Amino acid sequence: MRRLVFLSCMLLLGSGFLFGQDGDPTQERLKALEERIATLEAEVKTLKANQPAGPPEAEAATSVPVSAPAAAPEAAAQAATVATSTTPTPLPVYGGASAAAKILNPDISVIGDFLGAVGRDPNRSVPTLEMHESEVGFQAIIDPYARGDFFLTFGQEGVDLEEGYLTFTSLPGGFVAKVGKMRSAFGVVNTLHNHILPWTDRPLVTEHLVGGEDGINDAGLSVARILPAPKDIFLEATAQVFRGDSGSVFQATRRGDVLTVGHLRAYRDLTESTNLDLGVSWARGHNDVGTGFRTQLFGADATLRWKPLRRAIYHNFLFRNEFVWSRRDQLDSTQRAFGFYTAADYRLTRRWTVGGRYDRSGQADMASLTDSGFSPVITYWPSEFSQIRGQYRFTHYADGRSGNDLLFQFLFVLGAHGAHPF
Amino acid sequence: MDCRHNLLRRAGLFVFSLLFAVLTTEGAARAASKIKIVTSTTDLAEFASEVGGDRVEVESIARGYQDPHFVEAKPSFLLKLRRADLLILVGLQLEIGWLPPLITQCGNPNVQLGAKGYLDASQFAEILEIPTTVVTRGMGDVHPFGNPHYWLDPENARRIARGIANKLAEVQPDGRAYFDQRFQDFSNRLTEAEKRWNAEMQPFRGKKVVTYHRSWPNFLKRFDLISAGEIEPRPGIPPSPGHTVELIQMMRRDNIKVILVEPYFDLKTPNSIARETGGQVVVMLPSVGGEKEVTDYFKLFDYDIGLLTRAFKATP
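Residues numbered from 1 in each chain as written. Chains lettered and ligands numbered in written order. Predicted model: local features only at pLDDT ≥ 70, side-chain atom pairs only at ≥ 80, totals over all residues.

**Remarks on the overall build of chain A**
If you tally the helices and strands in chain A, you get 6 helices and 16 strands. A fraction of 55% describes how many contacts in chain A between residues 6 or more apart in sequence connect residues 24 or more apart. (Helix = DSSP H or I, 4+ residues; strand = E, 2+ residues; numbered from the N terminus. Contact = placed C-beta atoms within 7 Å.)

Here it is as structure tokens:
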């Protein structure tokens, strides 16, 4: 190509020179030639743009990194695309000669959750020091139609499959379906893994009415769809059917004792920095009293977020409330309990966050017993991939006793852990 | 019993009607002829608009003054994505913290990874800083596939625009000539603008600068400038006192006076470094829309080069 342009230019200049020999070198002609050269330059650039980008010379020779953490499947596929379609650069695979086979492996991550406690709480015993949970994640795109996510948790009591599900991402009609074991879409906190929580523990209402740390987490099917709504309002409905076993909240004794969960979410950006997120949830299943004894849960949640886009990494604010009503059939009566928490978090700087939570909840099997408490929390972020958190927890129990705990937590992420939904 | 059956039948009919209404309404909306494009950043939106003209509708998820690494995966973005015919992203893991969950949740088969409407612009561009050694998080938030801020080179802009034009022609074959003509026009204007930018930057070739984050390798390479260091001790790690002192000493030693900062970083540390070294902080825009008046790619370079040349002149 360069030769072609060079020859063209030489020809043009040469012809100009010849004309000059004729003794008629007008300014107009020179100008025309200059313009012609400029046009040719532009054409060369355009043709170059049509060609694939070559790697920079320095990188081209040595662009095979030796080792790296497992990369996201998206990125891996991107790399494959780059290599095949545009450059002769070898695939940027990692981990040595056998890495070409590993590139299709799922993203693997480990999240450590180390918890410590001092103080005294008569009803909630937290060991002085414990490796509270180690979550191992495997995440990958399975085929053009689905992706898979597995999260195994290693805790003090053994290994558990926290979640393991298949998500169908290419269904017609805008539906997104999941199959497997998953945290149900009841409320907000129930959907969150421990390491996403802004506290070291879960609110009292979760512990009393929504199954504690494991929450409503069961094998089942889930279908979600964004619904038509007035402009700029996001409205999403989720319907789920589970086997019916979720810790102490729901228990199936027969095959037909399934648990059904519904969730409706409405979201709107109030400004570019502020948004409001509202949700209502419903769950109905059988409880541990026996067949024919049901538990119904109704939930409502409201979250207000503020995050200025120009300073998103330095400051943000979140105010969240979640209310749960429980109706539980028992041998002698139907217990109607209510609980809620209200929490706020403020990011002071890039590394420091402060927050607090107020809890109040009746107990599912004895609604008249209401516990309450509050927790100030402070978190330090050495980087995106680790957090150090301190939380003072005061709890006033219905039996008149009180708990005073000082909890501290170290959270750390190894490997490629996929981003969580908003 | 009959009453119950009737009730169930009515409920079933209602749900079916609702579903039918939802699907047909959306089907009608999709029938519109314009190609709906969602891009992750404003720069890609700019390239798509340039070559797509009035045959496309383009929306960007991130704003030009926002750090593209830390965009929130808001549900409102799902509303954009679910109707998109084409998603164009920067790639190289720039959006890894927020785009994958949006793609998974949007319920739009067109924009899933590997689908016809998924376009990773990095495949067209010259990528710099591809790691050649073991990559660990000890190095900070390093992108293992290379630096994703590649759009800040006009030559890459041209290549990306060409790639987008080809993709648009694939989506709408009868528009090929139109997209090619639009690309040609963009490319010609870029060629003219490059002459101006090169001339303005010519006196400062070989100059060293300090940057906050490694956002500028393509820009610096294009204009023969040299990055002497970053305010972040490692990518994504906030400035530390020790590293800042070392940086000040290095800047004094090498007589480096210009500090480039993206609009989403705090200016406290850059300003204190500038005070100590007699330097100047330049809030350069990495993206279109970083300021109100920077409405296109040409104005982005005009703005940045204007700031930079003034800063070089003020700090000889």
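Having put the structure on the table, let's press on.
**Comments concerning the packing of helix α2 (residues 42-52) of chain B against helix α6 (residues 176-201) of chain B**
Residues and elements named next belong to chain B. Between α2 and α6, whose axes approach to 7 Å, the crossing angle comes to 120°. Relative to α6, the element α2 lies oblique. Contact residues: α2 offers Glu 50, Val 51 and Gly 52, while α6 offers Phe 179, Arg 182, Phe 183 and Phe 186. Here the contact of α2 with α6 is composed, by residue class, of 4 nonpolar, 1 polar and 2 charged. (Axes fitted to C-alpha atoms, helices over the stretch in contact; angles between N-to-C directions. Parallel < 35°, antiparallel > 145°, perpendicular 65-115°, else oblique. Nonpolar A, V, L, I, M, F, W, Y, C, P; charged D, E, K, R; others polar.)

**Topic: the sheet that holds strand β3 (residues 86-89) of chain B**
Residues and elements named next belong to chain B. With respect to topology, 4 strands assemble into an open sheet ordered β2-β1-β3-β4, the strand pairing being parallel. The open sheet is flanked by β2 (56-60) and β4 (118-120), the only strands paired with a single partner. On average, each strand axis in the sheet is inclined to that of its neighbour by 20°, with strand direction left out of account. One ladder, built from 3 bridges, connects β3 with β4; its direction is parallel. Directly across from Ile 88, in β4, lies its bridge partner Leu 119. Where α2 meets the sheet, it contacts β1 (35-39), β2 and β3, and its direction lies at approximately 170° from that of β2. (Pairing = 2+ DSSP bridges.)

**Observations concerning the confidence of the model for chain A**
Do not read the fine detail of predicted coordinates wherever pLDDT is low. Residues and elements named next belong to chain A. On average, chain A scores 84 in pLDDT, and the residues at 70 or more come to 79%. Scored below 50 in pLDDT, residues 4-23 shows 14 contacts in the model against residues more than four places distant or in partner chains. Contacts for the low-pLDDT stretch residues 54-98, under 50 throughout, to residues beyond four places or in other chains number 93 contacts. (pLDDT = per-residue confidence, 0-100.)

**A few points about the domain arrangement of chain B**
Residues and elements named next belong to chain B. Segmenting chain B into domains produces domain 1 (32-190) and domain 2 (196-314). Contacts between the two partners involve 23 residues from domain 1 and, on the opposite side, 23 residues from domain 2. At the level of secondary structure, the elements contributing two or more residues to the side of domain 1 that touches domain 2 comprise α2 and α5 (154-171). A per-class count over the side of domain 1 that touches domain 2 returns 8 nonpolar, 8 polar and 7 charged. (Domains from an automatic or database assignment.)

**Digging into the environment of Gln 335 of chain A**
Residue and element names in this part refer to chain A. Assignment of secondary structure puts Gln 335 in strand β12 (residues 334-347). Remark: the alpha-carbon pair of Gln 335 and Gln 363, spanning 28 residues in sequence, is separated by 8.9 Å. Excluding residues that lie within four positions of it along the chain, Gln 335 makes contacts with Arg 328, Gln 330, Ala 364, Asp 365, Met 366 and Ala 367.

**So, the packing of α2 of chain B against α5 of chain B**
All names here are of chain B. Running from amino to carboxyl end, α2 crosses α5 at an angle of 55°, the nearest separation of the two axes being 9 Å. Relative to α5, α2 is oriented oblique. Crossing hand, α2 versus α5: right-handed. From α2, Phe 47, Ala 48, Glu 50, Val 51 and Gly 52 reach across to α5, where they touch Ala 157, Ile 160, Ala 161, Ile 164, Ala 165 and Leu 168. In the contact of α2 with α5, the residues fall into 9 nonpolar, 1 polar and 1 charged. (Left-handed = near helix turned anticlockwise from the far one by under 90°.)

**Let's talk about the nonpolar core**
Judged by nonpolar contacts, the single largest core of 93 residues is most densely connected at Ala 48, Val 51, Leu 87 and Ile 88 of chain B. Broken down by element, the residue count for this core peaks at 7 residues, all from helix α10 (residues 297-314) of chain B. Counting residues in each nonpolar core, the second largest holds 21 residues, with Phe 242, Val 261, Ala 343 and Ala 367 of chain A among its members. (Core = buried A, V, L, I, M, F, W, Y, C linked by C-beta atoms within 7 Å. Buried ≥ 20, exposed ≤ 12 C-beta atoms within 10 Å, placed from the backbone.)

**Some points on helix α9 (residues 268-277) of chain B**
Structurally, the α-helix is built with 3.6 residues per turn, so residues lying three or four positions apart point the same way. All names here are of chain B. Here α9 has its buried residues at Thr 269, Pro 270, Ile 273, Ala 274 and Thr 277. Seen along its axis, α9 keeps its buried residues to an arc of 140°; they face one direction. In α9, the exposed residues that point more than 90 degrees away from the buried face are Lys 268 and Arg 275. The inward-facing, buried residues of α9 abut α8 (241-254), β7 (258-261) and β8 (280-283). Looking at the residues trailing α9, positive phi occurs at Gly 278, about 70°. (Arc of directions from axis to C-beta.)

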